[in-house]
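Understanding the architecture of this molecule
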Amino acid sequence: MPAPCHRTPSIKMVRGDITEQSVDAIVNAANSSLLGGGGVDGAIHRKGGSAVLAECRALRAAHYGRGLPTGQAVATTAGRLPARWVIHTVGPVHSRTEDRSTLLAACHTNSLRVADSLGAATVAFPAISTGIFHWPITDAAPIAIAAVLDTPTSVQEVRFVLFDDAAYEVFTQTWREWKQ
Ligand code: AR6
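Cut-offs applied
Residues numbered from 1 in each chain as written. Predicted model: local features only at pLDDT ≥ 70, side-chain atom pairs only at ≥ 80, totals over all residues. Helix = DSSP H or I, 4+ residues; strand = E, 2+ residues; numbered from the N terminus. Rg over C-alpha atoms; globule rule 2.2 N^0.38 Å. Buried ≥ 20, exposed ≤ 12 C-beta atoms within 10 Å, placed from the backbone. Contact = placed C-beta atoms within 7 Å. Near = placed C-beta within 6 Å. Nonpolar A, V, L, I, M, F, W, Y, C, P; charged D, E, K, R; others polar. Pairing = 2+ DSSP bridges. Axes fitted to C-alpha atoms, helices over the stretch in contact; angles between N-to-C directions. Expected span 1.5 Å × (residues − 1). Arc of directions from axis to C-beta. Parallel < 35°, antiparallel > 145°, perpendicular 65-115°, else oblique.

Some details on the overall build of the protein chain
The number of helices and strands found in the protein chain is 5 helices and 6 strands. Taken against the 2.2 N^0.38 rule, which gives 16 Å for 180 residues, the C-alpha radius of gyration of the protein chain at 15 Å falls within 12% of a compact globule. Dimensions of the protein chain, computed from the C-alpha atoms along their principal axes, are close to 45 × 45 × 30 Å. Sorting the 180 residues of the protein chain into buried and exposed places 46% on the buried side. For the protein chain, the share of sequence-separated contacts (at least 6 apart) that also reach a separation of at least 24 residues comes to 74%.

Have a look at this one:
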């Protein structure tokens, strides 16, 4: 078998809805129950349909009876979504002060590892933890971008899909400054 090719993926910032992205895998900002919730998690389960929830239930029953730990990631197929897979990860709540930055980075690193195991070439991330989990976008953006750049991966393109103008502006500006 040929050795995996690890290069830095190209990074794109997209203003939009992650459930509409035609990529190999979209990342879900889930909770440890894996059974759905609000925000992007709710949107992914609504559009993905019952197949996604059924696979989440099966993963929970087989491996995560106590819940998927914060920072880890697991994949299901994507049901009726245009993507092929959904990678579910659990971000840290912002009030968890001790190790929250490490855990937010781990969400990105572990999601890319799962993407590699699936053979995914294109992966879309939302701004994990910046909604219901209350991270300021300005704190989350540099951690998310650095984690992607620091992870050896065969993924060729990473899209950050930002749902509103403010998040899009912060991620775009952070990435612009990074490249200088
Ligand atoms: N596409 C892209 N981004 C979105 C979309 C969408 N369709 N919808 C929301 N966002 P959140 P969290 C943005 O709250 O903070 C759930 O109940 C949103 O504007 O979805 O990690 C889970 O079950 C924000 O910038 O996730 C957990 O309990 C970002 O996605 C908890 O919320 C993340 O917001 C996870 O909270």
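Remarks on the site of the ligand
Around the ligand sit 25 residues in total, of which Ala29, Asn31, Gly37, Gly39 and Gly131 are the nearest. Elements represented by at least two residues in the shell around the ligand include exactly strand E2 (25–30) and helix H1 (39–48). Sorting elements by how many residues they give to the shell around the ligand places H1 first, with 4 residues. Here the shell around the ligand is composed, by residue class, of 13 nonpolar, 9 polar and 3 charged.

A few points about the sheet that holds strand E4 (residues 85–90)
Ordered in space as E1-E6-E5-E2-E4-E3, the 6 strands form an open sheet in which the pairing is mixed. Lying at the two open borders of the sheet, with one neighbouring strand each, are strand E1 (10–15) and strand E3 (73–77). Put simply, the sheet's adjacent strands are angled 25 degrees from each other on average, direction ignored. Taken strand by strand, helix H2 (residues 50–62) contacts E3 and E4, and its axis lies near 135 degrees from that of E3.

Quick look at unusual backbone geometry
The phi torsion at Ser129 lies on the positive side, around 75 degrees, for a residue other than glycine. Locating Ser129 in the fold gives a position in the loop between strand E5 (122–125) and helix H4 (137–150).

So, helix H5 (residues 165–179)
Here H5 contains 15 residues, and its C-alpha end-to-end distance of 21 Å stays within 8% of the 21 Å for a straight helix at 1.5 Å per residue. Looking at H5, one finds that the buried residues are Ala167, Val170, Phe171 and Thr174. Looking straight down H5, one finds that the buried residues subtend no more than 95 degrees of arc, so they occupy a single side. Relative to its buried face, H5 has exposed residues pointing more than 90 degrees away, namely Asp165, Arg176 and Lys179. Among the structural elements, E1, H4 and strand E6 (157–162) are those in contact with the buried residues of H5.

Digging into H4
Compared with an ideal rise of 1.5 Å per residue, which puts 14 residues at 20 Å, H4 spans 20 Å between its outermost C-alpha atoms and is within 8% of the ideal. The elements touched by buried residues of H4 are E1, helix H3 (100–118), E5, E6 and H5.

Observations concerning the environment of Asp116
Relative to the helices and strands, Asp116 resides in helix H3. Note on Asp116: 17 C-beta atoms within 10 Å, which makes it partly exposed. Taking the C-alpha atoms as reference, Asp116 lies 6.6 Å from Val155; in sequence the two are 39 residues apart. Setting aside its immediate chain neighbours within four residues, Asp116 contacts Thr153, Ser154 and Val155.

A word on the packing of H1 against H2
The relative placement of two packed helices is expressed as an angle between their axes plus a distance between the axes. Where H1 contacts H2, the axes come no closer than 6 Å and their chain directions differ by 115 degrees. Considering their axes alone, H1 and H2 lie roughly perpendicular with respect to each other. Of the residues in H2, those in contact with Ile44, His45 and Gly48 of H1 are Ala51, Val52 and Leu53. Split by residue class, the contact of H1 with H2 holds 4 nonpolar, 2 polar and no charged.

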